[in-house]
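Results of the structural survey
Below are the chains, spelled out letter by letter.
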Amino acid sequence: MFTRLLRGSVVVITLLASACAGVASPPSVSSPSPVPVSMPDVTPSVVDVTPSVVVVQPTSTPVAESAVRPDLSGDIVIDGSSTVYPITELAMQQFAGIAPNVRIQLGVSGTGGGFKKFCAGITDISDASRPIKPDESEICRANGIEFVEIPVAFDGISVIVNPENQWAQCMTVDELKQMWAPDSEGKIVTWKQIRADWPDQPFKLYAPGIDSGTHDYFTAAIVGKEDASRNDYVGSEDDYVLMQRVIEEKNGIAYVGFAYYQEYTDKVGVVAVDGGNGCVSPSIETITNGTYTPLARPLFIYVRNDRLDRPEVEAFVTFYLDNAADLVQAARYIPLPPRVYELVEQRVAKRTTGSVFSEGIQVGVSIETLLMLEDK
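An account of the accompanying structure is given in this report. The model shown is predicted, which means the values in this text are computed figures rather than measured ones.

Re the pairing of strand 4 (residues 74-80)
- In this structure, strand 4 lies alongside strand 5 (residues 102-106), joined through five bridges in parallel fashion. What sits directly across from Ile78, in strand 5, is Leu106.
- With respect to chirality, the unit in which strand 4 leads through helix 1 (residues 85-95) into the neighbouring parallel strand 5 is right-handed.
- As paired elements, strand 4 and strand 6 (residues 125-128) share three bridges and run parallel to each other. Pairing of Asp79 across the sheet is with Ser126, part of strand 6.

Here it is in structure tokens:
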């Protein structure tokens, strides 16, 4: 299993492999468990995780000598979504065997935080778990930054509970809305208020921070308005912190990216969601076939158009897309249909700038349909 680092980490890949010798196997590093953090006294709050710098060697995947590009050099700076992080981390590690003289720095500050840096000209690529918002696009435009929008995967936001929770096996969209809506704050506080035969015990809410694209998409899909959420929850940009809180708290409930639920299926329970056609749990099958609604969504990377003029950035993006299906599956997400990857590659080749999602988040809209419309 790929190395997954704490969200607050900054990853710097120092590529030391020889172009002629291939790639040496690095020492194995186990994936970290969620980090226990003491419960804050005031909610909502964002739990800070102190950033660290980690040097990661290239993966042991063999690379043909003819494929190695020692001529490529330079630095690539990436930041943004913690949800997309595992995919991009894998791409970085594998690209290390091809471009041993390219340094890639990866940070995680949430989708919104990533776009702030991207539109300010600080980063070259931005990971995003939602489409760029119109106001963010305007900031980029005002700063002279054009971008190419690149969808890379599908995700299904997963609602998780403590394994001792044997009652909340399925919740309707209306029940989730009742739990999370702004006007429920201080009023809807127990499980029994959600459903009469559930325990008369207070639930504990945990969720991504306000800079998270997962927060934006969940509120749009469940509450009906982006960023509309009650405030009496514990927030963190680190999904591992959210997982730990739910593992420790019997009445805890949170929502996280599908890959993080997949990693801890033996430690947390998942709530099936009834979007109007019965209870459906998140899985590769239900996210792919569209039955896990309304919490299935596309994931993206955004690349500065002018940075694609740099050979090392163009090579990295090309590598990312050429291997996207394998990278996405290894990161426990769902690949896009082959036709969509073809259309995405065409967008990059044509340097098609701007966003297909002109209105920002559009719940339930097929990304393939939108790209096909643009293609015509």
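Thoughts on the nonpolar core
- Counting residues in hydrophobic clusters, the biggest one holds 94 residues, and the most contacted among them are Ile150 and Phe316.
- Among the elements that line this core, the one with the most residues is helix 10 (residues 311-322), at seven residues.
- Residues Ala128, Ile132, Phe147 and Tyr302 belong to the second largest nonpolar core, which totals twelve residues.

With respect to the state of the cysteines
- For the structure on display, the rule yields two disulfides.
- Linked covalently through their sulfurs, Cys119 and Cys140 form a disulfide whose S-S length is 2.0 Å. Since a negative S-S torsion denotes a left-handed disulfide, the Cys119-Cys140 link at about -80° is left-handed. Placement of the pair is Cys119 in helix 2 (residues 110-119) and Cys140 in helix 3 (residues 134-142), with a sequence separation of 21 residues.
- With relative accessibility at 2%, the residue Cys119 sits in the buried group.
- Each disulfide pairs two cysteine sulfurs, and for Cys170 the partner residue is Cys279, the sulfurs being separated by 2.1 Å. Linking Cys170 and Cys279, the disulfide has an S-S dihedral of approximately -95° and is accordingly described as left-handed. With Cys170 in strand 9 (residues 170-172) and Cys279 in strand 15 (residues 279-280), this pair connects stretches of sequence that are 109 residues apart.
- Sequential numbering of the bridged cysteines in the protein chain gives the disulfide pattern 1-2, 3-4.

As for the packing of aromatic side chains
- If you walk through the whole model with that rule in mind, you get 18 aromatic pairs.
- With a centroid separation of 5.8 Å and 40° between ring planes, the pair formed by Phe300 and Tyr302 is classed as tilted.
- For Phe300, a relative accessible area of 0% gives the class buried.
- We classify Tyr302 as buried; its relative accessible area is 0%.
- What links up through ring pairs into an aromatic cluster is the set Phe115, Phe118, Phe147, Phe300, Tyr302 and Phe357.

A few points about the packing of helix 2 against helix 3
- The N-to-C vectors of helix 2 and helix 3 enclose an angle of 20°; their axes lie 9 Å apart at closest approach. The angle between helix 2 and helix 3 falls in the class roughly parallel. Where helix 2 crosses over helix 3, the handedness of that crossing is right-handed. Of the residues in helix 3, those touching helix 2 at Gly112, Phe115, Phe118 and Cys119 are Glu136, Ile139 and Cys140.
- Class assignment of the residues belonging to the contact of helix 2 with helix 3 gives a composition of five nonpolar, one polar and one charged.

Cut-offs used in this document
Residues numbered from 1 in each chain as written. Predicted model: local features only at pLDDT ≥ 70, side-chain atom pairs only at ≥ 80, totals over all residues. Heavy atoms only, no water. Pairing = 2+ DSSP bridges. Helix = DSSP H or I, 4+ residues; strand = E, 2+ residues; numbered from the N terminus. Right-handed = clockwise from strand over helix to strand, strands pointing away. Core = buried A, V, L, I, M, F, W, Y, C linked by side-chain atoms within 4.5 Å. Buried < 20%, exposed > 50% of the residue type's maximum accessible area, 1.4 Å probe, protein only. Disulfide = S-S within 2.5 Å. Phe/Tyr/Trp six-rings, centres within 6.5 Å; stacked < 30°, edge-to-face > 60°. Axes fitted to C-alpha atoms, helices over the stretch in contact; angles between N-to-C directions. Parallel < 35°, antiparallel > 145°, perpendicular 65-115°, else oblique. Left-handed = near helix turned anticlockwise from the far one by under 90°. Contact = heavy atoms within 4.5 Å. Nonpolar A, V, L, I, M, F, W, Y, C, P; charged D, E, K, R; others polar.

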